[in-house]
Amino acid sequence: KMRKILVWGKGEPWVKERVRSVSLRRLRTDVLPYRQEKRRETIRVDCLTLEATRLCDEIMDRLARLDRDPEKALERAMDRRGADFEEIAKTRAALAVLKVKAASELLDQFRDAGRPIVLFSAHRAPVEALSTRPKWAQILGGTSAEARAWAVEQFQAGDLEGIAATIGAAGTGIKLTRAADVVFVDRDWSPMLNVQAEDRVAGFGQILQVTVTTLVADHELDRMVERVIRRKTAVAESAGV
């Protein structure tokens, strides 16, 4: 008989022991005890058009009809990936594009401060737009292995100011530890994919405290998505995943 792993959003104490019995893990805190915890920031972005506001409001109304607590309805939609999820995903893709201007202004600040930066998005359009900046490169799903390796090498050598990448294309397998700053235009539905992307900068070889900044549109829908993703991340970490 299977036992429930999660109770009220928190991994039961026995879960970590079960996971530990079937996996061998080496944590950064084990091999690099001096490593500082990541610093997390959220920046609210006033970027909504009237059409985007209408779409977000409609989804909020729909979620409210599904549950007295819209956030619970959103979390169920994220887990089930049904029709409601598809509508939310389309709206989030539109919000990601609307955040490009604010993201560019933030990147200007990093450039002026002489701080290299890695930018991620769950969507392709913001990456394509922001990677046109001087001394920037992009990593997308269709980027060849050679172009990917060149971008990483140039960035680590100090010849690029930044790299813009989709979470799916550059979330694993590369080291971008020259930067200590990561910006997310938006984040993936999967919390651990986001953490893996962060660790391209916060991985072995990083000696500075890493700051992770997430841009959130100034609407309750986008704020709610961010809260759910953060909560799911905490649940996964509490379960030792």
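Residues numbered from 1 in each chain as written. Predicted model: local features only at pLDDT ≥ 70, side-chain atom pairs only at ≥ 80, totals over all residues. Heavy atoms only, no water.

A. Spotlight on the overall build of the chain. Along its length, the chain carries 11 helices and 8 strands. When the 241 residues of the chain are sorted by exposure, 46% land in the buried category. Nonlocal contacts in the chain, meaning residues at least 24 apart in sequence, comprise 74% of its contacts between residues at least 6 apart. For the chain, the exposed area adds up to about 13100 Å²; of that, 53% sits on carbon and sulfur atoms. (Helix = DSSP H or I, 4+ residues; strand = E, 2+ residues; numbered from the N terminus. Buried < 20%, exposed > 50% of the residue type's maximum accessible area, 1.4 Å probe, protein only. Contact = heavy atoms within 4.5 Å. Areas by Shrake-Rupley, 256 points an atom, 1.4 Å probe, with all protein chains shown as cover.)

B. The arrangement of the side chain of Thr211 in detail. Turning to its location among the elements, Thr211 is positioned in strand E8 (residues 211–217). For Thr211, a relative accessible area of 11% corresponds to the buried category. Discounting residues that sit within four places of it in the chain, Thr211 has contacts with Arg39, Glu41, Ala180, Asp181 and Val182.

C. Highlighting the state of the cysteines. Per the counting criterion, the structure on display carries 0 disulfides. Here Cys47 stays unpaired: no disulfide links it, and the sulfur of Cys56, its closest cysteine neighbor, is 8.8 Å away. The exposure class assigned to Cys47 is buried, which follows from its relative accessible area of 14%. Given the relative accessible area of 0%, Cys56 is considered buried. (Disulfide = S-S within 2.5 Å.)

D. Broad picture of the side chain of Lys99. Relative to the helices and strands, Lys99 is located in the loop between helix H5 (83–98) and helix H6 (100–112). The contacts of Lys99, once residues within four sequence positions are left out, are Cys47, Val185, Asp186, Leu215, Val216, Ala217 and Asp222.

E. Examining the packing of helix H3 (residues 50–66) against helix H4 (residues 70–80) more closely. Interhelical geometry of H3 versus H4 gives an angle of 95° and a closest axis separation of 8 Å. Taken together, H3 and H4 sit at an angle that is classed as roughly perpendicular. Packed against H3, whose contacting residues are Met60, Leu63, Ala64 and Leu66, the element H4 presents Pro70, Ala73, Leu74 and Arg76 at the interface. Here the contact of H3 with H4 is built from residues that sort into 7 nonpolar, no polar and 1 charged. (Axes fitted to C-alpha atoms, helices over the stretch in contact; angles between N-to-C directions. Parallel < 35°, antiparallel > 145°, perpendicular 65-115°, else oblique. Nonpolar A, V, L, I, M, F, W, Y, C, P; charged D, E, K, R; others polar.)

F. Main features of the packing of aromatic side chains. Going through the model one piece at a time under the given rule, you end up with 2 aromatic pairs. Both rings, one in Phe85 and one in Trp189, keep their centres 4.8 Å apart while their planes meet at 55°; by these two values the pair is tilted. With Phe85 in helix H5 and Trp189 in the loop between strand E7 (181–184) and helix H10 (191–202), this pair connects stretches of sequence that are 104 residues apart. On the basis of an interplanar angle of 25° and a centroid distance of 5.6 Å, the ring pair of Phe120 and Phe184 is categorised as stacked. Here Phe184 lies in strand E7 and Phe120 lies in strand E4 (residues 117–121), a separation of 64 residues in the sequence. (Phe/Tyr/Trp six-rings, centres within 6.5 Å; stacked < 30°, edge-to-face > 60°.)

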